[in-house]
Amino acid sequence: MSLRERPARPARVWFHVGSGGLVLGLLELGPSRLVALSTALGALAFVWLEELLKRRSPRGRAWVLRLHAATAHPHEADEVSSGTWFVTAVALLVVFLPGVPAAAGVLVLTGADPVAGVVGRRFGTWRDSRGRSWEGSLAFAVAAFGLLSGFLVLGHGWPPEAAAKLAASAGVMGAAAERFVPVDDNLSVPVFVAVTVAALGHASN
């Protein structure tokens, strides 16, 4: 389904931002990595159990669809939901790229993705076959740059110049993942951003 066919759903946007904020708080302020890891893996088991129920049990399918009625897109009734991909991405990051890279990936998805959606729907004119606009991609990269720069400087004491360089690289990679990688952006964006931060962060700081 293209973005042009997906109506703007305020409840979904607020749920997206709220969920990302909770995850970010757990990653940055949680008492230990063990807590983050156990929470992420528990959530991972829960969301994939939901996916199993959608496919194997009519009663389970009805329960899952009711649970997510306010936030899900219609096509997610028959496909893996964006929320499931998001939880999967978080679990992968907590296991393999904990710390700043994981938090950076979640932050960019939480903040830059809604900005891209709003700009793309309102101002997008140059679109690809999936309905994604270049205006939305540019807005994503700019928002990611601002969010990551502030996060690194204010949250982790990075020098502004080093933070800006890394934020620019990670923002471009996140925008490219959202636009070109043929998997759900709730999985591709945080992973690509986190990998970029992990790969370039040591040299930049």
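Here, the structure is the one placed above.
Our subject in this report is the structure included herewith. (Residues numbered from 1 in each chain as written. Predicted model: local features only at pLDDT ≥ 70, side-chain atom pairs only at ≥ 80, totals over all residues. Heavy atoms only, no water.)

## Quick notes on the overall build of the protein chain
To keep it simple, the criterion reads: Strands here are runs of E lasting at least two residues and helices are runs of H or I lasting at least four, both read from the DSSP assignment and numbered beginning at the N terminus. Values of the radius of gyration come from C-alpha atoms, whereas the globule rule sets the reference at 2.2 Å times the count of residues to the power 0.38. Residue burial is assigned from relative accessible area. The probe radius is 1.4 Å, only protein chains are included, and a residue is buried under 20% of its type maximum, exposed over 50%, and partly exposed in between. Contacts are assigned to residue pairs with any non-hydrogen atoms lying within 4.5 Å of each other. For the area figures, the Shrake-Rupley method with a 1.4 Å probe applies, and any residue is considered shielded solely by the protein chains shown. All tallies of charge rest on Lys and Arg as positive and Asp and Glu as negative; His and the ends of each chain are not included. Every charge is mapped to an atom, namely NZ of Lys, CZ of Arg, CG of Asp or CD of Glu.
Across its full length, the protein chain carries eight helices and zero strands. Along the chain direction, N to C, the helices and strands of the protein chain fall in the order α-α-α-α-α-α-α-α. Compactness check: the protein chain gives a C-alpha radius of gyration of 17 Å against a globular reference of 17 Å for 205 residues, within 12% of the reference. For the protein chain, the spread of C-alpha atoms along the principal axes amounts to about 55 × 45 × 25 Å. Per-residue burial for the protein chain yields a buried fraction of 42% across its 205 residues. The long-range share in the protein chain, meaning contacts at least 24 apart out of those at least 6 apart in sequence, stands at 72%. Carbon and sulfur atoms make up 69% of the accessible area of the protein chain, which amounts to about 10,600 Å² in all. Between the mean site of the 18 positive side-chain charges and the mean site of the 14 negative ones, the protein chain shows a separation of 5 Å.

## So, the packing of aromatic side chains
Convention followed: Each Phe, Tyr or Trp ring, with Trp reduced to its six-membered ring, pairs with another whose centre is within 6.5 Å; inter-plane angles below 30 degrees give stacked pairs, above 60 give edge-to-face pairs, and intermediate values give tilted ones. To sit over a ring, a charge needs its Lys NZ or Arg CZ within 6 Å of the ring centre and within 35 degrees of the ring normal.
Counted according to the given criterion, the structure contains two aromatic pairs. Ring geometry for Trp48 and Trp85: centres 5.6 Å apart, planes at 80°, overall edge-to-face. Taken as a pair, Trp48 in helix H2 (residues 33-56) and Trp85 in helix H4 (residues 82-96) lie far apart in primary sequence, 37 residues in all. Lying over the aromatic face of Trp134, Arg179 brings its terminal NZ or CZ to 3.7 Å of the ring centre.

## Some details on the nonpolar core
Test applied: Throughout, nonpolar core names a set of buried Ala, Val, Leu, Ile, Met, Phe, Trp, Tyr and Cys residues whose side chains join them through atoms within 4.5 Å.
Core analysis: the biggest nonpolar cluster contains 35 residues, and Val90, Val108, Phe140, Leu148, Val189 and Val193 have the highest contact counts within it. For this core, the elements supplying multiple residues, two or more each, are helix H1 (10-29), H2, H4, helix H5 (100-123), helix H6 (134-156), helix H7 (160-180) and helix H8 (185-204). Residue contributions to this core peak at eight residues, all from H5. Once you skip the residues sitting within four places of it in the chain, Leu148 turns out to touch Ala104, Leu107, Val108, Ala167, Ala170 and Val193.

## Considerations on the pattern of salt bridges
The test is simple: Basic side-chain nitrogens of Lys or Arg form a salt bridge, by our definition, when they fall within 4 Å of a carboxyl oxygen of Asp or Glu.
Within the structure shown, the criterion is met by five salt bridges. Of the charged contacts in the structure, one is a salt bridge between Arg12 and Glu76, with a shortest N-O distance of 3.1 Å. Of the two residues, Arg12 is situated in helix H1 and Glu76 in the loop between helix H3 (58-67) and H4; the sequence distance between them amounts to 64 residues. The burial state of Arg12 is the same as that of Glu76; both residues are buried. Close ionic contact of Arg61 with Asp78 constitutes a salt bridge, the shortest N to O distance being 3.1 Å. Placement of the pair is Arg61 in helix H3 and Asp78 in the loop between H3 and H4, with a sequence separation of 17 residues. In this structure Arg61 comes out as partly exposed when scored by relative accessible area, which is 27%. A residue is classified by how much of its surface remains accessible, and Asp78, at 58% relative accessible area, is exposed. Several salt bridges share partner residues, and in doing so they unite Glu51, Lys54 and Arg55 into one network.

## A closer look at H1
Basically, it comes down to this: One fewer than the residue count of a helix, multiplied by 1.5 Å, yields its expected span. The arc in question is the one spanned by the directions pointing from the helix axis to the C-beta atoms.
With 20 residues, H1 extends 28 Å from end C-alpha to end C-alpha; this agrees with the ideal 28 Å at 1.5 Å per step. Within H1 the residues assigned to the buried category are Arg12, His16, Ser19, Gly20, Val23 and Leu24. The buried residues of H1 occupy an angular sector of 135° when projected down its axis, which confines them to one face. Opposite the packed face of H1, turned more than 90 degrees from it, sit the exposed residues Pro10, Trp14, Leu22 and Leu29.

## What to know about H2
A rise of 1.5 Å per residue sets the reference length of H2, with its 24 residues, at 34 Å; its end C-alpha atoms lie 34 Å apart and thus fit the reference within 8%. Every buried residue of H2 is listed here: Ala36, Ala40, Val47, Glu50, Glu51 and Lys54. Where H2 is buried, its residues touch H1, H3 and H4.

## Regarding the packing of H1 against H5
Inclusion rule: A fitted line through C-alpha atoms serves as each axis, taken over the contacting stretch for helices, and the angle formed by two N-to-C directions is quoted from 0 to 180°. Note on terminology: angles under 35 degrees are roughly parallel, angles over 145 are roughly antiparallel, angles of 65 to 115 are roughly perpendicular, and the others are oblique. Crossing handedness: left-handed means the near helix sits turned counterclockwise from the far one by under a right angle, and right-handed means the same turn made clockwise. Polar here means any residue other than Ala, Val, Leu, Ile, Met, Phe, Trp, Tyr, Cys and Pro, which are nonpolar, and Asp, Glu, Lys and Arg, which are charged; Gly is therefore polar.
H5 packs onto H1 with a crossing angle of 160° between their chain directions and a minimal axis gap of 9 Å. Of the possible angle classes, the one that applies to H1 and H5 is roughly antiparallel. Once H1 is placed against H5, the crossing between them reads as left-handed. Where H1 abuts H5, its residues Val13, His16, Val17, Gly20, Gly21, Val23, Leu24, Leu27 and Glu28 lie against Ala102, Ala103, Val106, Leu107, Leu109, Thr110, Asp113 and Pro114. Considering only residue class, the contact of H1 with H5 consists of eleven nonpolar, four polar and two charged.

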